[in-house]
Amino acid sequence: MDGVYVALSNGTSFGSISKWSSSFDLSHGWTVAGFVRTVGDVNNDGRDDLIGFGQDGVYVALSNGASFDAVSRWTNDFDLSHGWTVSQYVRTVGDVNADGKADLVGFGLDGVYIGTAK
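Residues numbered from 1 in each chain as written. Predicted model: local features only at pLDDT ≥ 70, side-chain atom pairs only at ≥ 80, totals over all residues. Heavy atoms only, no water.

Trainee: Looking at this model, I keep getting lost on the environment of D69. Mind explaining?
Mentor: Residue placement: D69 occurs in the loop between β5 (58-61) and β6 (72-75). At 3.0 Å, the side chain of D69 and the side chain of N64 are in polar contact. (Helix = DSSP H or I, 4+ residues; strand = E, 2+ residues; numbered from the N terminus. Polar contact = N/O pair within 3.5 Å; in protein donor to acceptor, adjacent residues only side chain to side chain.)

Here's what the structure looks like:
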């Protein structure tokens, strides 16, 4: 596919699928085998944002409720260039400090690493 597609929930079913972003897709090199992509509310506005663990950093596209804004790099950690491979190290997001913002969590070789959202 050529982007990120969303089907909004109404509480009992999902609406029609619509394209919200032209980023984080296969045509831009975001393969399942190489790069983790997920969602989480990184800015505590009540909307889940796109988060991609890329080649040279972690990238975010904020949700505006009708689409996703432009992608920007938020950190240069947890990325493939620093050895964080999909096949060896789980990376995910979760609010680990109860501030309402999704933080980065990486299960590394010698422990669990956290990157808190600011």
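Trainee: Whenever I open this one, the nonpolar core confuses me. Can you help?
Mentor: Soluble, globular proteins show a tendency: their nonpolar side chains are buried together. In this structure, V36, V42, I51, F53, V58, V60, F78, W84, Y89, V93, A102 and L104 together form the largest nonpolar core, which totals 12 residues. Among the elements of the structure, β4 (49-53) and β5 are those that each provide at least two residues to this core. Those residues in contact with V93 that sit more than four places away from it in its chain are T38, V39, G40, I51, F53, A102, D103 and L104. Membership of the second largest hydrophobic core comes to 10 residues, among which are W20, W30, Y59 and A61. (Core = buried A, V, L, I, M, F, W, Y, C linked by side-chain atoms within 4.5 Å. Buried < 20%, exposed > 50% of the residue type's maximum accessible area, 1.4 Å probe, protein only. Contact = heavy atoms within 4.5 Å.)

Trainee: Just checking my understanding: could you explain the packing of aromatic side chains for this structure?
Mentor: Describing an aromatic ring pair means giving the distance of the ring centres and the angle of the ring planes. Scanning the entire structure with this criterion turns up 7 aromatic pairs. A ring pair is formed by W20 and F68, whose centres lie 5.3 Å apart and whose planes are at 55 degrees; its orientation type is tilted. Of this pair, W20 sits in strand β2 (residues 14-21) while F68 sits in the loop between β5 and β6; the two residues are 48 residues apart in sequence, bridging distant segments of the chain. Consider the rings of W30 and F35, whose centres lie 5.6 Å apart with planes at 65 degrees: the pair is edge-to-face. (Phe/Tyr/Trp six-rings, centres within 6.5 Å; stacked < 30°, edge-to-face > 60°.)

Trainee: Is there a simple way to think about the layout of surface pockets in this case?
Mentor: To find leftover empty space, a probe the size of one water molecule is rolled over the atoms. A volume near 310 Å³ is recorded for the largest pocket. Lining the largest pocket are 18 residues, and of these T75, F78, L104, G115 and T116 sit closest to its centre. The set of elements that each furnish at least two residues to the lining of the largest pocket consists of β5, β6, β8 (103-107) and β9 (112-115). In terms of residue count, the dominant contributor to the lining of the largest pocket is β9 (3 residues). Considering only residue class, the lining of the largest pocket consists of 12 nonpolar, 3 polar and 3 charged. (1 Å grid on protein atoms, 1.4 Å probe; cavity = no way out; pocket = protein on both sides within 12 Å on 5 of 7 lines; lining within 4 Å. Points joined across faces, edges and corners; volume = space filled by probe spheres on them. Nonpolar A, V, L, I, M, F, W, Y, C, P; charged D, E, K, R; others polar.)

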